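Residues per chain, in single letters:
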Amino acid sequence: MLLNCHTYYSYKFGTISIDELIQEAIDKGYRELVLTDINNTSATIDFIRRCEGKDIRPVVGIDFRNGAQQKYVGIARNNSGFRALNEHLTYHLHSEAKIPDRAPEIADAYFVYPLGAVHPKDLRENEFVGVRPSQINRVFGDLRNYLEKLVVLQAVTFRNKRDFNIHRLLRTMDNNTLLSRLPKSEEASPDEIMWPRQDIYEQFRDFPQLIRNTQKIIDSCSIEFAFKQSKNKKCFTNSPAEDFILLRKMAWDGIRYRFGEPSPRVVERIEKELAIIKQMDFASYFLINWNLVEYARSQGCYYVGRGSGANSMVAYLLRITDVDPLELDLYFERFINPARNSPPDFDIDFSSRDRDHITRYIFDRHGWDHTALVGTYITFQYKSVVRELGKVFGLPAHEIEKLQVTSDPRNLDDIGRLVQKYSKLIHGFPSHLSVHSSGILISEEPISTYSATIMPPKGFPTIHFSMLEAEDLGFAKFDILGQRGLSKIEDAIHIVRENRGEEIDIHDLKTFKEDQQIKELLKRGNTIGCFYVESPAMRMLLTKLEADDYLRLVAASSIIRPGVAQSGMMREYILRYRDRSRCVAAKEEAPELYKLLEETYGVMVYQEDVIKVAHLFAGLTLAESDILRRGMSWKFKQRNEFGKVKDKFFSNCSEKGYDHGLVERVWTQIESFANYAFSKGHSASYAVESFQALFIKAYYPLEYLVATINNGGGFYRTELYVHEARMHGGKIFPPCVNRSNLETVISGKVIFLGMGFLKSLETTTIHAVLNERNRGGYYRSLQDFLGRVPISLEQVSILIRTGAFNFTQKSKKELLWNAHFILSKSKKTSPDRTLFQQEVKEFSIPDLYFHPLEDAYDEIELLGFPVTRSPFGLLEDLKLPQTVAADLPKLIGQKVAIVGSLVHVKRTRTSKAAHMSFGVFVDFEGHWIDTVQFPNVAAKYPFKGGGGYLIYGEVVEEFGFLSIEASELYRLPNENMEEPSTRLKVPKTLALQERKA
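Calculation notes
- Residues numbered from 1 in each chain as written.
- Predicted model: local features only at pLDDT ≥ 70, side-chain atom pairs only at ≥ 80, totals over all residues.
- Heavy atoms only, no water.
- Salt bridge = Lys/Arg side-chain N within 4 Å of Asp/Glu carboxyl O.
- Buried < 20%, exposed > 50% of the residue type's maximum accessible area, 1.4 Å probe, protein only.
- Helix = DSSP H or I, 4+ residues; strand = E, 2+ residues; numbered from the N terminus.
- 1 Å grid on protein atoms, 1.4 Å probe; cavity = no way out; pocket = protein on both sides within 12 Å on 5 of 7 lines; lining within 4 Å.
- Points joined across faces, edges and corners; volume = space filled by probe spheres on them.
- Contact = heavy atoms within 4.5 Å.
- Pairing = 2+ DSSP bridges.
- Axes fitted to C-alpha atoms, helices over the stretch in contact; angles between N-to-C directions.
- pLDDT = per-residue confidence, 0-100.
- Core = buried A, V, L, I, M, F, W, Y, C linked by side-chain atoms within 4.5 Å.
- Nonpolar A, V, L, I, M, F, W, Y, C, P; charged D, E, K, R; others polar.

J.: How should I be thinking about the pattern of salt bridges in this particular structure?
T.: Under the defined criterion, the tally for this structure stands at 63 salt bridges. The partner of Lys121 in a salt bridge is Asp122, with the nearest N and O atoms 3.5 Å apart. We classify Lys121 as exposed; its relative accessible area is 55%. With a relative accessible area of 42%, Asp122 lands in the partly exposed category. Close ionic contact of Arg582 with Glu572 constitutes a salt bridge, the shortest N to O distance being 3.0 Å. Taken as a pair, Arg582 in helix 23 (residues 581–589) and Glu572 in helix 22 (residues 569–578) lie far apart in primary sequence, 10 residues in all. Judged by relative accessible area, Arg582 falls into the partly exposed class, the value being 33%.

See below:
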């Protein structure tokens, strides 16, 4: 009887989860349920899957509405009807056209109009008018003559009064209004609950034909999807057989490129993989990826294949990845095996600017009707809901902020308690549909077979469901990501070619892995700007591991991840690496476990380790082990299979007689990082990219740093990469109208920052400057510039103040005076093309006062950092300590005072929830100072923004990594920048030695 049921995937309207809706129907005596979310099919696939094994039959459709106004409910008679409904909805979502008053002609679907929208005599054969229980009296009139066209239309949007309140709050948020001003037309009727089946029969007892009509519709509907069976494009060529022949040929062709003459071990691995690929029918999947990277190379697009796909020798031979799986003993079954529940996927990273181009190629190559981006659900979070509900109730901002942090309801008034109560109830609801970060589906059947699509701003159709539902259906997605690290490498290769006239073979990994200069950079942690290995934590880890080779970098790439680090196993890995006696103790405690993890000293480092431990230590099947590996995400944890596997893990270990404390510790490792740690192949792919970046940094540091600056930096602010370039001998200049482009440029060792870095300088102004320079050559003077470029006084003032006209040899103040004179009567120059340039009268003005810091302050305002002056040159004339970072190795265990310019602060919490921080600085000579501020120090001496700091503390050393445990921390005042009352009084207790900035 329920033709119009909503879940909370009727975004900001529905209030019931899929499981709650199903359970509610079972409890109320129903055996069929029609899911019709509003202009959305997000829940459909999961709804059908979840109905399996339960005593309820799923029927699906769509509730077509304009805003809250219902136009009609479409119900799919079969899969063909569902596809047609999806296509109808997709058209309107893409075009943003309103839903029409009348439904389209779709033979395999029924349409139910709300009472009063269409007269029964005007209906087609498959169209009906729906009558709510509250409208039953209206049937006694003229409608009695059309009983055959009437059905029961009891909408289900909530379960009870509390749900109804949630619904009203959601509608108010959606309408961005106050609860008291929410129009009734924007909310559902309070009776949109699921009445017991017998109650519906009772309410329509005078018109049993409506019950029969409704049941007839439901009985004639049937929809089925074969879950966990491949839905991907079946053939790359004309048939699976031809696909496999081509795949084998391309693999053997790749042997010559990768190995020359292959060893028997290589041949054995290839044949093994090809056999599994054929068995699993994945030849077309490999070929589609191969075709993609072939196209990328033909277009000059640099890429890196990573993820568990790097475990595949065939992928290595097809140049999808650059990781040799035999070198790292990567087993193919981690990527594809018959027991694995989830489909595999390749992650292929492209430079950020190439990603959309590559994505468009995929859609063009495989058809826009058969290709779509994967969706994802953005969910409501507690604090944001508190903020929104505070607005709904008209609370002022300061009260809302109080509600976000107050946990004791006794300190709140009635409104405050309501806000917190309903914020907790709404927390976790899906808010709206978004786009998965990388996933693309290429389907054998049209995408509309499974879902309608939205059209996000980038212009690629996106399905209504997420990666998990796609996997349930049997899709192996194609992950295409944009990455700045690759953009830096791609740009650096081009800049080296332009500046040095040299070509780089960026795929010569065998040479890179043995290069001594690269090893030295790694060992010293001198990795600034290099992908994935430049953060303070990674520099520390590399130093402690003495990581000067590929294998240790592969391990470091995974153990730095949050789960391993937070579980304490990163530290344990370092301790066991440095002190092998700890390995002996670990081996004696659990020899079976240690044997499985011997390569990583008995510590779980990679995702494969979870599978090993679960399968070989705890006795789970490979399929169950894979559920543990991927099952730590919140959504997957909600699935019944995860809980069952967890219980089996403990029961199996108990049967094997393992110590319960050991089993608990092993489970803690699994739980803490299984969803965060990398697969070994993924770590290896990142290590490959790091080696490529390190090679360019080692031999072409200035070119690499310019590429880094032009791609938005990396882990740190642009200022640090400019500093790093200066440390490598670069001569850095502010933007120049004659030498700079939109981006930073280099000639020899001379670097001019790009005009694009100037705050408030409009992009149209930059293009005008560059276009005219390309047309007419360098600008000879300010007057020549103003005569050729349409520009406002405000915009030219920015260029003058940043030093863009330094080539004129005139002071900024003189240039500004002239600019004001020339533009005094017009808002913007309007250059005329004339045969002879009219001379502008020049004036001789007296010398004006100039302070040495003026340029630096202009640069800080316009660029965000000083270019022509060291940050230490901005400090007041104070007596400062002479100690620098190079002195610290001789001062281990001693108290020191040192000055540093702040680079980065990482704040974290201890196990007791206290705040502590790690500060990274550079000293007077430009070298690193690493500090730690424990909770008592962090509370007493907090960081107060960027600039110079006086640090006092003890020098400590751990495994070759030096840092200062700070006991006092003072921000140093800038000259003429702060009021005298705020200036630092240097503590007498520090006994500082004299040094001027």
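J.: What is the right way to read empty space enclosed by the protein from this model?
T.: Empty space among the atoms can be located by rolling a probe the size of a water molecule over them. Following the criterion strictly, the structure yields 1 cavity of 30 Å³ or more and no others. By volume, the largest cavity amounts to about 30 Å³. In this structure, the largest cavity is lined by Ile288, Asn289, Leu292, Ile362, His366, Ile442 and Phe478. Elements with a minimum of two residues in the lining of the largest cavity: helix 9 (283–298) and helix 11 (352–366).

J.: Help me out: how do you make sense of the side chain of His6 in this one?
T.: By the secondary structure assignment, His6 is in the loop between strand 1 (4–5) and helix 1 (18–27). The class of His6 is buried, set by a relative accessible area of 0%. If near-sequence neighbours (up to four positions away) are discounted, His6 is found in contact with Phe13, Ile16, Leu21, Thr36, Asp37, Ile38, Asp63, Arg65, Val156, Thr157 and Glu192.

J.: What is the right way to read the sheet that holds strand 20 (residues 915–922) from this model?
T.: Strand-to-strand pairing in sheets goes through backbone hydrogen bonds, with the strands running parallel or antiparallel. Pairing is mixed in the closed barrel, where 5 strands are placed in the order 19-20-21-23-22. Taking the axes of each pair of neighbouring strands and ignoring which way they run, one obtains an average angle of 50 degrees across the sheet. Judged from the 7 bridges that link them, strand 19 (residues 895–909) and strand 22 (residues 948–958) form a sheet pairing that is antiparallel. Looking at the pairing, Lys895 lines up with Glu954 of strand 22.

J.: Hey, could you run me through the environment of Thr908 in this one?
T.: The topology assignment puts Thr908 in strand 19. Put simply, Thr908 and Asp508 are 400 residues apart on the chain and 40 Å apart in space, counted from C-alpha to C-alpha.

J.: Help me out: how do you make sense of the side chain of Lys697 in this one?
T.: Relative to the assigned elements, Lys697 resides in helix 30 (residues 680–699). Residues within four places of Lys697 in sequence aside, it is in contact with Leu521, Asn526, Thr527, Ile528, Cys530, Tyr704, Leu705, Glu724 and His728.

J.: I'm lost on the confidence of the model for the protein in this one. Help?
T.: Overall, the prediction assigns the protein a mean pLDDT of 89, with 92% of residues at 70 or greater. Here residues 977–986 is a poorly scored stretch, pLDDT under 50, and it has 13 contacts once near neighbours within four places are set aside; other chains count.

J.: Please explain the nonpolar core as it appears in this structure.
T.: Core analysis: the biggest nonpolar cluster contains 102 residues, and Ile696, Phe785, Val796, Leu799 and Phe805 have the highest contact counts within it. Considering each element in turn, this core owes the most residues, 9 residues, to helix 30. Apart from residues no more than four positions distant in its own chain, Ile696 is found in contact with Ile489, Ala492, Ile493, Ile504, Ile506, Pro701 and Tyr704. Membership of the second largest hydrophobic core comes to 87 residues, among which are Met1, Leu169, Val385 and Ile400.

J.: Explain the layout of surface pockets here, please?
T.: There is about 1600 Å³ of room inside the largest pocket. In terms of residue count, the dominant contributor to the lining of the largest pocket is helix 19 (residues 536–545) (5 residues). Looking at the lining of the largest pocket residue by residue, the classes come out as 21 nonpolar, 13 polar and 12 charged.

J.: What is the right way to look at the pairing of strand 3 (residues 57–66) in this model?
T.: Strand residues, when the strand is regular, have side chains that alternate between the two faces of the sheet. Burial runs high along strand 3: 8 of the 10 residues are buried. As defined by bridge partners, strand 2 (residues 32–35) adjoins strand 3 across 4 bridges and the pair is classed as parallel. Among the inter-strand pairings, Val34 is bridged to a residue of strand 3, identified as Val59. Sheet topology places strand 3 next to strand 4 (residues 69–76); 6 bridges connect them, and they run antiparallel.

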